Amino acid sequence: MIPIHSVTSDEYPHSLRGAAILANNQIESHENRPDKPEEACGVFGIYAPEQDVAKMTYFGLYALQHRGQESAGIATFEGTHVHLHKDMGLVSQVFNETILEELPGELAVGHTRYSTTGSSRKVNAQPAVVETRLGLLALAHNGNLVNTVPLREELLKSNFNLVTSTDSEMIAYAIAQEVNTGLDWLEGSIRAFKRCEGAFSLVIGTADGVMGVRDPNGIRPLVIGTLDSDPIRYVLASETCGLDIIGAEYLRDVEPGELVWITEAGLASFHWSPQPERKLCIFEMIYFARPDSLMHNETLYSYRMRLGRRIAKESPVNADIVFGVPDSGIPAAIGFSQASGIPYGEGLIKNRYVGRTFIQPTQTMRELGLRMKLNPLKDVLAGKRVIIVDDSIVRGTTSRKLVKTLRESGAEEVHMRISSPPVTHPCFYGIDTDTQDQLIAATKSVAEIAKQLEVDSLAYLSWEGMLEETREDTNSFCSACFTGDYPVAIPEQVKRSKLILEKVVV
Ligand SMILES: O=P(O)(O)OC[C@H]1O[C@H](OP(=O)(O)OP(=O)(O)O)[C@H](O)[C@@H]1O
Ligand SMILES: NC(=O)CC[C@H](N)C(=O)O
Ligand code: SF4
Ligand SMILES: [Mg+2]
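Residues numbered from 1 in each chain as written. Chains lettered and ligands numbered in written order. Predicted model: local features only at pLDDT ≥ 70, side-chain atom pairs only at ≥ 80, totals over all residues. Heavy atoms only, no water.

As annotated in an unreviewed UniProt entry, the protein carries the name Amidophosphoribosyltransferase and is attributed to Anabaena cylindrica. Here is the UniProt Function (unreviewed entry) comment for the protein, exactly as written: "Catalyzes the formation of phosphoribosylamine from phosphoribosylpyrophosphate (PRPP) and glutamine." (UniProt positions renumbered as here; feature names shortened; annotations may be inferred.)

1. A look at unusual backbone geometry
For the peptide bond that leads from aspartate 230 to proline 231, omega is 5°, which places it in the cis range. Within the secondary structure, proline 231 is located in the loop between strand E10 (223-227) and strand E11 (233-237). For the peptide bond that leads from proline 326 to aspartate 327, omega is -5°, which places it in the cis range. Here aspartate 327 lies in the loop between strand E18 (321-324) and helix H10 (330-340). Phi is positive for histidine 296, close to 55°, though the residue is something other than glycine. With respect to the helices, strands and loops of the structure, histidine 296 is situated in the loop between strand E16 (294-295) and strand E17 (298-299). Despite not being glycine, glutamate 454 has its phi angle at roughly 60°, a positive value. Of note, glutamate 454 is situated in the loop between helix H15 (446-453) and strand E23 (457-460). (Helix = DSSP H or I, 4+ residues; strand = E, 2+ residues; numbered from the N terminus.)

2. Quick look at the environment of glycine 396
For glycine 396, the position within the fold is in the loop between strand E21 (385-390) and helix H13 (397-408). Judged by its relative accessible area of 4%, glycine 396 falls in the buried class. Separated by 296 residues in the primary sequence, glycine 396 and leucine 100 place their C-alpha atoms 41 Å from one another. Leave out the neighbours within four places in its chain, and glycine 396 touches Ile440 and Leu453. (Buried < 20%, exposed > 50% of the residue type's maximum accessible area, 1.4 Å probe, protein only. Contact = heavy atoms within 4.5 Å.)

3. As for the packing of helix H4 (residues 148-157) against helix H5 (residues 167-179)
Contact pair H4 / H5: the axes reach a minimum separation of 10 Å and the direction vectors enclose 40°. Compared by their axis directions, H4 and H5 come out oblique. Of the two elements, H4 crosses H5, and the hand of that crossing is left-handed. Counted together, Thr148, Leu151, Arg152, Glu154 and Leu155 of H4 and Asp167, Met170, Tyr173, Ala174 and Gln177 of H5 form the full contact between these two elements. Here the residues of the contact of H4 with H5 sort into five nonpolar, two polar and three charged. (Axes fitted to C-alpha atoms, helices over the stretch in contact; angles between N-to-C directions. Parallel < 35°, antiparallel > 145°, perpendicular 65-115°, else oblique. Left-handed = near helix turned anticlockwise from the far one by under 90°. Nonpolar A, V, L, I, M, F, W, Y, C, P; charged D, E, K, R; others polar.)

4. Things to note about the pairing of strand E4 (residues 81-88)
Across eight bridges, strand E3 (residues 71-78) lies against E4 in antiparallel orientation. Looking at the pairing, threonine 76 lines up with histidine 83 of E4. Counting the residues that bridge the hairpin from E3 to E4 gives two residues, and of these glycine 79 lies at a positive phi of roughly 65°. (Pairing = 2+ DSSP bridges.)

5. Quick word on the UniProt feature "active site" (unreviewed entry) in the protein
The UniProt record marks Cys41 with the feature "active site" (unreviewed entry), using the residue numbering of this structure. Position of cysteine 41 relative to the elements: it lies in the loop between strand E1 (4-6) and strand E2 (42-47). Using a relative accessible area of 11% as the deciding quantity, one classes cysteine 41 as buried. Excluding anything up to four places from it in sequence, cysteine 41 contacts Arg67, His111, Thr112, Arg113, Tyr114, His141, Asn142 and Ser238.

6. As for the layout of surface pockets
By volume, the second largest pocket amounts to about 230 Å³. What lines the second largest pocket is a set of 15 residues, and nearest its centre among them are Cys196, Glu197, Pro216, Asn217 and Ser273. (1 Å grid on protein atoms, 1.4 Å probe; cavity = no way out; pocket = protein on both sides within 12 Å on 5 of 7 lines; lining within 4 Å. Points joined across faces, edges and corners; volume = space filled by probe spheres on them.)

7. Details of the pairing of E10
The buried fraction of E10 amounts to five of the five residues, a majority that puts the element mostly inside the structure. Here five bridges tie E10 to E11, and the two strands are oriented antiparallel to one another. Paired with threonine 226 across the two strands is tyrosine 234, which belongs to E11. Inspection of the sheet shows E10 paired to strand E12 (residues 249-253) by four bridges, in the antiparallel sense. Among the inter-strand pairings, glycine 225 is bridged to a residue of E12, identified as tyrosine 250.

8. Regarding the packing of helix H9 (residues 300-314) against H10
The N-to-C vectors of H9 and H10 enclose an angle of 45°; their axes lie 6 Å apart at closest approach. In terms of axis orientation, H9 runs oblique to H10. Note that H9 runs across H10; the crossing there is right-handed. Two secondary-structure elements touch here, H9 through Tyr301, Arg304, Met305, Gly308, Arg309, Ile311 and Ala312 and H10 through Pro331, Ala332, Ile334, Gly335, Phe336, Gln338, Ala339 and Ser340.

And the structure:
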């Protein structure tokens, strides 16, 4: 038995996420789902024996907090010994000085998680730690697999103890299954990744080194950074903001279908997928990732400003002031103002102590949450024709409440501009935008939505505009939640958990 020391007393987590398949192969119900696009998870990894790897990981996770606020965890490897601490809550609530001091090691793996099913339990926190022939591995996953049913069956054949399990844990067990046949870490892991379908950006710790992996479509991001050290040490993070916070320099992205293996010898790269095809989640660029993170060598702030400029040209309107819905609508609102010449102002003040996903699942809590989060500047709004810009409308709760608030504050006209197209389809790849029946644009036309929101005008950015403004190959993105064109096929059983299979108005 290889020693594992857990600061918490949890055994390895067990539960399925997203399009979750329970032990009896039933799709897990999604009650208690918040009405927001929930953030994907954040992953972090570091190999740096000379550094306090637990503290570095703590800071990395701190910067990635916007990607998951349900639970957080860090696993460090001290030789073959694993130290693990994970719990429910924000990174700052889960860790303190004392706990971090109890996590020594040469390398570390960290995770921040937002659950996508009803169960929100400590045992589901990551990293997932699994024992193999070669020792323990600790796995942190961002994304969702879509082939959990067959994968689970294959794993059960090897007598793995899958009572209930996250898809993330299934990847860890698949690696164990392959390694246990006599393969080494790399061969075994690659064999396991080839059995996984869907979205997976992974950071995996072993006693020998840290792996960074992306699925063949690179749906979720993962970047590599270097520390200013001799020898050069490498860091992995979901976004570049996770590198900035520890002073690491952005080197490059882990490529779709690539595995990087970071050890004492440095960084080695393996392209394990025969047919990688880049399909980065466009929603990461529009909303999920932090605006100060780099994608395609520019900040997302710049991209989002361009989206605002584009919609100002596509759907102009006269008004006295333009402002964004804090936080994510602000860069596009600035872009809108620049392109239209309409002054940019602030019409809403955000309580900075209320997080992104503070808003709760019940309607009462949602409304309270919104009131706590955003407060109107009445004297700025009174008698004005206002343009309000947001990055997206998902269920429409934010917009509905805001328009009402703006009218009550004396706004004379309210025009809404959205810097992405209507969200008509659910996501199966690790961002829980909701079931299709809850998506306002899945069942209503833009005119009907405008009427329901009680705005004087409403316009969404065109799909072409959203993609062209990336200044990248427009085929290199997943935009399935706007089109229903899923880059990785969704099995029928999983589809039924979220899609209205009858015709919907789009
Ligand atoms: O139509 P809805 O279902 O209301 O969802 C859309 C809203 O949710 C997100 O904001 P959120 O408050 O989560 O985060 P932010 O502070 O980063 O904008 C997004 O930016 C929209 O404002
Ligand atoms: N949103 C995510 O990336 C989720 C990761 C993983 N599928 C889990 O539920 O734990
Ligand atoms: S369906 Fe939408 S949210 Fe999901 S990966 Fe594709 S673009 Fe992103
Ligand atoms: Mg918002």
